[in-house]
Amino acid sequence: MVGPLDEYPIHQVPLPVAWAGSSDRNFYDRCYLNAHDRTGEIFVITGLGYYPNLGTKDAFVLVRRGGVQTAVHLSDAIDDDRLNQHVNGYRLEVIEPLKKLRVVLEETEGIAMDLTWEGSFDVLQEQPHVMRAGSRVTLDAQRFAQVGTWSGSIAIDGEEIAVSPDRWVGTRDRSWGIRPVGEAEPAGKPADPPFEGMWWLYVPMRFEDYAVILIMQENPDGYRVLNDCTRVWRDGRVEQLGWPRADIRYGSGTRIPTGASITCTTPDGKPVQLEVESLLPVPIHVGGGYGGDSDWTHGMWKGAGFTERVTYDMTSPEVDGRAMFGVIDHVGRATCDGAEGWGLFEHGALGRHDPSGFADWFTLAP
């Protein structure tokens with residue numbers, strides 16, 4: 001199991017790098033990236049993950065245009081060469097670590113792309129993220145995030161879309177640790193108290209002179225269990241922006257947000273006001289493999305060389321009804337003290353959340 005990475009002095013435990021330091025079946029190492037052209041007409045979301053204790057690796061591509069969301073899924077047995085990240089016809093090349101990447105999908109089920117990412121600012125190491133169900137750890141992850149631009153091309157059923165860095169922007173993160181992946185485990189004793197839901201807000205935005213990366217997670221009663229809001233300046237300065245307050249605006253009769261007003265605070269007490277709007281929503285639990293997706297689960301063994309394409313009519317009641325039971329990624333436009341920014345507006349209000357007026361899993365905005 002010794003591989004190329006073992007030539008480097010990077011070991012943290014007395015094991016080959018290809019072996020996870022934890023025996024937990026849910027150990028994972030994954031990247032997530034998104035791209036859009038600031039119009040709200042198209043949103044591309046993609047990612048690749050390794051699951052060493054499940055013996056699998058996989059990748060996905062989501063494309064939302066208008067009322068149609070298309071997913072391409074790829075899965076295969078894991079390999080030991082982590083310097084060559086690939087799943088079938090999908091590969092991720094690290095051109096310059098923490099700065100420049102290339103993502104390639106060779107034509108698969110009518111979809112292809114060749115995109116180069118360039119970070120606009122330094123990556124930000126986020127706070128550790130830990131969740132428990134009773135005494136059991138269900139999530140224990142480390143992540144770094146970055147905003148940037150894209151160049152290259154995307155092909156969809158013979159239509160080629162040029163991608164240029166003057167228009168195409170996005171965000172990315174890499175995370176690793178423990179989170180639920182693969183086939184469902186035996187439940188054991190139900191958690192006490194039962195899971196009533198969670199409220200999540202993630203807003204990485206790229207402005208001309210700085211990036212703002214905000215993460216908030218709250219329990220059903222509004223108690224905040226994760227708070228991380230940071231501004232990264234072009235010269236490398238990192239500025240904490242305190243304890244943000246967020247007012248989410250939902251479409252009437254839904255839990256799909258249309259925007260948010262977020263108030264942050266600089267270390268010297270100056271308020272920083274973010275106004276965020278959604279231009280296009282993409283439920284990442286509809287073909288993306290994230291929590292609650294009935295069609296695709298990260299880390300599940302699908303057989304060697306597996307690929308498939310799934311297309312969703314987002315206007316159909318069957319698909320639309322799934323939206324409020326997972327996290328939704330939006331093409332996001334923001335203003336901050338007069339400056340315009342673009343990036344990701346990710347939000348999920350799952351189940352009960354007292355501050356939002358959601359009494360249970362089925363309450364909708366008035």
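Described in the following lines is the structure provided in the data block. In this text the structure is predicted, and so the values were computed from the model without any measurement. (Residues numbered from 1 in each chain as written. Predicted model: local features only at pLDDT ≥ 70, side-chain atom pairs only at ≥ 80, totals over all residues. Heavy atoms only, no water.)

Some details on the nonpolar core
And then number 1: Within the largest apolar cluster, 32 residues are counted, with the highest numbers of intra-cluster contacts made by F43, I45, F60, L62, W200, Y202 and Y312.
And then number 2: Contact partners of F43, with chain neighbours within four places excluded, come to N34, A35, H36, L62, V63, R64, L280, V282, D329, H330, V331 and L344. (Core = buried A, V, L, I, M, F, W, Y, C linked by side-chain atoms within 4.5 Å. Buried < 20%, exposed > 50% of the residue type's maximum accessible area, 1.4 Å probe, protein only. Contact = heavy atoms within 4.5 Å.)

A look at the layout of surface pockets
Where empty space is left can be seen by rolling a probe of water-molecule size over the atoms.
And then number 1: Of the volumes computed, that of the second largest pocket is approximately 1,100 Å³.
And then number 2: Contributions of two or more residues to the lining of the second largest pocket are made by β1 (27–36), β6 (90–96) and β13 (169–178).
And then number 3: For the lining of the second largest pocket, the element with the highest residue contribution is β1, accounting for 4 residues.
And then number 4: For the lining of the second largest pocket, a count of residues per class yields 22 nonpolar, 4 polar and 4 charged. (1 Å grid on protein atoms, 1.4 Å probe; cavity = no way out; pocket = protein on both sides within 12 Å on 5 of 7 lines; lining within 4 Å. Points joined across faces, edges and corners; volume = space filled by probe spheres on them. Helix = DSSP H or I, 4+ residues; strand = E, 2+ residues; numbered from the N terminus. Nonpolar A, V, L, I, M, F, W, Y, C, P; charged D, E, K, R; others polar.)

Looking at the pattern of salt bridges
And then number 1: In the structure shown here, the tally under the stated rule is 21 salt bridges.
And then number 2: Residue D295 is joined to R322 by a salt bridge in which the shortest nitrogen-to-oxygen separation is 3.3 Å. Placement of D295 in the loop between β20 (271–283) and β21 (306–313) and of R322 in the loop between α1 (317–320) and β22 (328–336) is noted, with a sequence separation of 27 residues between them.
And then number 3: The class for D295 is partly exposed, based on a relative accessible area of 32%.
And then number 4: Connected through shared salt-bridge partners, R91, E93, R102, E106 and D114 make up one network. (Salt bridge = Lys/Arg side-chain N within 4 Å of Asp/Glu carboxyl O.)

Focus on unusual backbone geometry
And then number 1: Backbone geometry places R38, a non-glycine residue, at a positive phi of 75°.
And then number 2: Relative to the helices and strands, R38 resides in the loop between β1 and β2 (43–51).
And then number 3: Its identity is not glycine, yet N88 carries a phi of approximately 55°, on the positive side.
And then number 4: Within the secondary structure layout, N88 lies in the loop between β5 (85–87) and β6.
And then number 5: For N88, a relative accessible area of 28% translates into the label partly exposed.

Here we look at a nonpolar patch on the surface
And then number 1: The grouping of M1, V13, L15 and W19 at the surface amounts to a nonpolar patch, some 350 Å² of accessible area in total.
And then number 2: With respect to the secondary-structure elements, L15 resides in the segment before β1.
And then number 3: Residue L15 is classed as partly exposed on the basis of its relative accessible area of 30%. (Patch = residues over 30% accessible without salt bridge, like charges linked within 9 Å, V, L, I, M, F, W, Y side chains within 5 Å. Areas by Shrake-Rupley, 256 points an atom, 1.4 Å probe, with all protein chains shown as cover.)

Some details on the sheet that holds strand β17 (residues 238–240)
And then number 1: Spatial strand order, β17-β16-β15-β14-β23-β22-β20-β19-β18: 9 strands in an open sheet with antiparallel pairing. Either end of the sheet is taken by a strand with one partner, and the two such strands are β17 and β18 (245–250). Taken over all neighbouring pairs, the strand axes of this sheet differ in orientation by 20° on average, direction set aside.
And then number 2: Where β22 meets strand β23 (residues 339–351), 9 bridges bridge the pair, whose relative direction is antiparallel. (Pairing = 2+ DSSP bridges. Axes fitted to C-alpha atoms, helices over the stretch in contact; angles between N-to-C directions.)

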